[in-house]
Amino acid sequence: MGDQVRISGDALLLPGGVTVRFMRTLRLPETGTHPLPPGLGTFPLRRVADFPDRAPEQWLARGGVMLPVYQREAMWLSFSAAAPAALQVGVGKVCAVSGAPWSDRLTQNPQNYVVLPRQPWLDGINSGSGTIRQFVAVPLGLGATVEGQVTGEEVWGGVQLQVFELREERLAAWQAEQRRGSGVPRPAFGGYGGPAGAAPMPMAPMAAPAPGAAPSARTRGPARSAPAMGLGAGGRMRQEVYRDDRKPSHWRDEPSGRIFVHLTTAPEWRRITGEAPPPSPVNRAAYTAAGLPWFDYYDADAEDLAAPETLGQVKPVGDWLGEDESPWVPPVPGQVQQLKDEGTVTDGDW
């Protein structure tokens, strides 16, 4: 399908100049509405096809990349784009924006994508009124994922991304205009990766696995199933999901590229890759005590999307996994910073 998705360090490079990073962050309480916590570094990404003897057969069939998460760990997606693009984000093949089933077509009623570069990040599922519900990793099989609550089944897990570019004439018109900049930096902390605007590392294409390919030197033993993880809904935070102000005819009919992002447990990450997973998520009290910043971002010129009924009914993961035993320490005055708008992977059968 279209151009290849590429991997650059811990970033995904999609067609159309779109870059996506998966950011580690604090998990918020499931009560109240909170500002945006910053990134604590990027999740590492590895190509599933690089581990033909250890990655689960189902993952090899779906292709894509994998990243390690801890149970109830939170994440957000950081976006940048060299030109306008429409990016679909699925959680277990449920649209994180519209709550509708995964589709190979763009729709605007309801809108089933985010518009880049206007949307600098997405921290969770659209819950309307200028808020989202935080992405939180949970095992499949409990019914706690967004996928399980919306569809009644937990089949896919993971995260799905698909990008649509502007039609050639629209892109040419946009390129002729004076550009003011694309994106608002949201700093990353913790030493696992640079901010969203960091220069990319040399790109490695995500090649398709060849039949009978020799196993990687880092892999041994038979491929088997792995504990699958999906994304559920966590705490609520202030973040708008912006409405597209272009017409549907401005976008191409076919996507330029797509990728399946598998979520694996920390032990399975070590077993498959032979690498140590990132350290467990930082303690909330220590984070706040260190004076690290929170963020509040608002684009006065953009219109927020209303919450779809399907996503509005999703219950938090605490309803399945129990109350959070970690004490919540709210940010002190001065820690919340106001931000303003400044203007090749293997694909498989899924």
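Above this text sits the structure in question.
Rules and cut-offs
Throughout, residues of each chain are indexed from 1 in the direction in which the sequence is written. With the structure being a predicted model, the display of local features is reserved for residues of pLDDT at least 70 and the display and counting of side-chain atom pairs for 80 or more, all residues being used for whole-chain, interface and lining totals. Working from all heavy atoms in the structure, the side-chain values ignore hydrogens and water. Each Phe, Tyr or Trp ring, with Trp reduced to its six-membered ring, pairs with another whose centre is within 6.5 Å; inter-plane angles below 30 degrees give stacked pairs, above 60 give edge-to-face pairs, and intermediate values give tilted ones. In this text, helices come from DSSP runs of H or I with a minimum length of four residues, and strands from runs of E with a minimum of two, each type numbered from the N-terminal end. Three exposure classes are used, based on accessible area relative to the maximum for each residue type with a 1.4 Å probe and protein chains only: buried under 20%, partly exposed in between, and exposed over 50%. Working rule: Lys NZ or Arg CZ, within 6 Å of ring centre, within 35 degrees of ring normal, means a charge sits over the ring. The directions from the helix axis to the C-beta atoms form the arc being described. In this description, contact between two residues means that some pair of their heavy atoms is separated by no more than 4.5 Å.

Caption draft 1: Looking closely at the packing of aromatic side chains. The full count for this structure, using the stated rule, is 4 aromatic pairs. Between Trp76 and Trp121, the aromatic rings sit 6.0 Å apart at their centres with planes inclined by 80°, giving edge-to-face as the arrangement. On the criterion of sequence distance, the pair formed by Trp76 in strand β7 (residues 74-81) and Trp121 in strand β10 (residues 121-122) is long-range, its members being 45 residues apart. Centre to centre, the rings of Trp102 and Trp350 are 5.7 Å apart; their planes meet at 50°, and the pair counts as tilted. Judged by its relative accessible area of 16%, Trp102 is buried. When its relative accessible area of 6% is taken as the criterion, Trp350 is described as buried. Aromatic ring contacts, followed pair by pair, group Trp102, Phe260 and Trp350 into a single cluster. The ring of Phe43 has Arg24 sitting right over it, with the charged end atom 5.8 Å from the ring centre. It is Lys93 that lies over the ring of Trp156; its NZ or CZ is 4.1 Å from the centre.

Caption draft 2: Quick look at the pairing of strand β6 (residues 65-69). When you tally the buried positions in β6, you get 5 out of 5 residues, the bulk of the element. Residues Val65, Leu67 and Val69 point to one face of β6 and Met66 and Pro68 to the other, with burial holding for every one of them.

Caption draft 3: Expanded view of unusual backbone geometry. In the segment running from Asn109 into Pro110, the intervening peptide bond is cis, with an omega of 5°. Across the junction of Leu116 and Pro117, the peptide omega takes the value 5°, indicating a cis bond. Looking at the secondary structure, you find Pro117 in the loop between β9 (114-116) and β10. Of note in this structure, Arg72 is not a glycine but carries a positive phi near 70°. Looking at the element boundaries, Arg72 is found in the loop between β6 and β7. The backbone phi angle of Ser129 is positive, close to 55°, even though this residue is not glycine. Within the secondary structure, Ser129 is located in the loop between β11 (124-128) and β12 (131-139). Judged by relative accessible area, Ser129 falls into the exposed class, the value being 76%.

Caption draft 4: Spatial organisation of helix α4 (residues 266-273). Within α4, the full set of buried residues consists of Ala266, Glu268, Trp269, Ile272 and Thr273. One face of α4 carries all of its buried residues, which in axial projection span an arc of 160°. At its buried positions, α4 is contacted by β5 (46-47), α1 (57-62), β6 and β16 (257-265). Trailing α4 by a residue or two, Gly274 shows a phi angle of about 75°, which is positive.

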